[in-house]
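Overview (structure and organization)
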Amino acid sequence: MLIAVFMFSLMDTCMKLLAAHYPAMQVAALRSLSSLPLVCAYVAWRGGFATMLRVRWSLQLLRAGVGIAMLALFAYGLKQLSLAEAYSIFFIAPALITALSVFVLKEKVNLARWIAIAVGLGGVLVVLRPEGGGFLTLGGLAILASAVCYAISAIGARVLARTDSSEQIMFWLMLMMAIGATVLALPTWVQVDAAHVWLLCALAVSGFFGQLAITEAFSHGEASVVAPFEYSALAWGVAIDWLLWQALPDGYTLVGAAIIIGSGMYLIRHEKVHSEAEHP
């Protein structure tokens, strides 16, 4: 998980650098297009193409649409915010997944977990600072909307995993996002500068190996043990912000991030206790 988080931090850095030169939807398209060859090679190596057409098309299409929105919104937010600020807001995703699981998966969430979700949302408000003097901007709201899309996608993946293989889920998501985002980006497409080819290569490699690493992490470790390491992204975000842009998060961002991370850690811990109680 630590390797996965590091790789995704590098991927997000590439997206932020590209977002300074290209429209957000084009960055989403470039992210998907650059990784598609590696995904195809991986699926072929795993022998997954034989059953690739036997999938739940409706859910695959839904996840692709949500995925395009998630990438485009995240790219737009990165254009305005630092990595640390973006990650602080995006950390609300686990709480949103827990909340959505009640309505979609019919899971039971008790009062303590609802309070933790509300506390997490309060942490987001601290980071956004809606009193008007902070950065309740379109960028901050875009990252929050991206986290909502991520939560919807994660719930969709849980449902899809009941019938579709991981290779099918990965392949169709990347292919559909590549096609959909490219079509949507065409009206405002900007010619890709040859100097940015190395960024696209780094984007593809970091995204691909990050996905492999996170898959391995959850395959070989308990979610309640592995998931908290996702929060190490904040450390990478702060380090990269300082190295590349000489920017550091302010006190509001750090306090808000601490509140969000605390609520997320509680939800993860509570999930482990609940799981142990059901399966002693």
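This text follows the structure it describes.
The structure reproduced in this document is the subject of the present report. (Residues numbered from 1 in each chain as written. Predicted model: local features only at pLDDT ≥ 70, side-chain atom pairs only at ≥ 80, totals over all residues. Heavy atoms only, no water.)

A few points about the overall build of the chain
What counts here: By definition, any uninterrupted DSSP run of H or I lasting at least four residues is a helix, any uninterrupted run of E lasting at least two residues is a strand, and each is numbered from the N terminus. Each radius of gyration reported is based on C-alpha atoms, and the globular scaling rule is 2.2 Å times the count of residues to the power 0.38. Method for areas: the Shrake-Rupley scheme with a 1.4 Å probe, in which residue coverage is limited to the protein chains shown. Under the counting rule used here, the positive set is Lys and Arg, the negative set is Asp and Glu, and His together with the chain ends is not counted. For charged residues, the charge sits on one atom: NZ in Lys, CZ in Arg, CG in Asp, CD in Glu.
When helices and strands are tallied, the chain shows 12 helices and zero strands. The order of α-helices and β-strands along the chain, N terminus first, is α-α-α-α-α-α-α-α-α-α-α-α. By the compact-globule yardstick of 19 Å for 280 residues, the chain fits well, its C-alpha radius of gyration being 18 Å. Approximately 13,300 Å² of the chain is accessible, and the part contributed by carbon and sulfur atoms is 71%. Each charge class in the chain can be summarised by its mean position, and for the 15 positive and 15 negative side chains these summaries are 8 Å apart.

Quick notes on a nonpolar patch on the surface
Which entries qualify depends on this criterion: Excluding any residue in a salt bridge, patches collect residues exceeding 30% relative accessible area, merging like charges within 9 Å and nonpolar Val, Leu, Ile, Met, Phe, Trp and Tyr side chains within 5 Å. Salt bridge, as applied in this entry: a Lys or Arg side-chain nitrogen positioned within 4 Å of an Asp or Glu carboxyl oxygen. Think of it in three bands: residues with accessible area under 20% of the maximum for their type are buried, residues over 50% are exposed, and the middle band is partly exposed, with areas taken using a 1.4 Å probe on protein chains only.
A cluster of nonpolar residues, Phe 103, Val 104, Leu 111, Trp 114, Ile 115 and Val 119, forms a patch on the protein surface that exposes about 600 Å² of accessible area. Put simply, the parts of the chain that give the nonpolar patch at least two residues each are α5 (93-104) and α6 (111-128). You can see Val 104 is positioned in helix α5. Residue Val 104 is classed as partly exposed on the basis of its relative accessible area, which comes to 46%.

Some remarks on unusual backbone geometry
Backbone geometry at Gln 246 places phi at a positive 50°, although glycine is not the residue there. Topologically, Gln 246 is positioned in the loop between α11 (233-245) and α12 (251-278).

With respect to the packing of helix α1 (residues 2-19) against α11
Threshold: Helix axes are fitted to C-alpha atoms over the stretch in contact, other axes to C-alpha atoms as well, and angles between N-to-C directions run from 0 to 180 degrees. In this scheme, roughly parallel covers angles under 35 degrees and roughly antiparallel covers those over 145, while 65 to 115 is roughly perpendicular and the rest are oblique. Two helices that cross are described as forming a left-handed crossing if the nearer one is turned anticlockwise from the farther one by less than a right angle, and a right-handed crossing if clockwise. Only heavy atoms matter for contacts: two residues are in contact if any of them lie within 4.5 Å across the pair.
Remark: α1 packs on α11, axes separated minimally by 10 Å, with the N-to-C direction vectors making an angle of 40°. Looking at the two axes, α1 sits oblique to α11. Handedness of the crossing formed by α1 with α11: right-handed. Contacts between α1 and α11 pair Val 5, Phe 6, Ser 9, Thr 13, Lys 16 and Leu 17 from the former with Ala 233, Trp 236, Ile 240, Leu 244 and Trp 245 from the latter.

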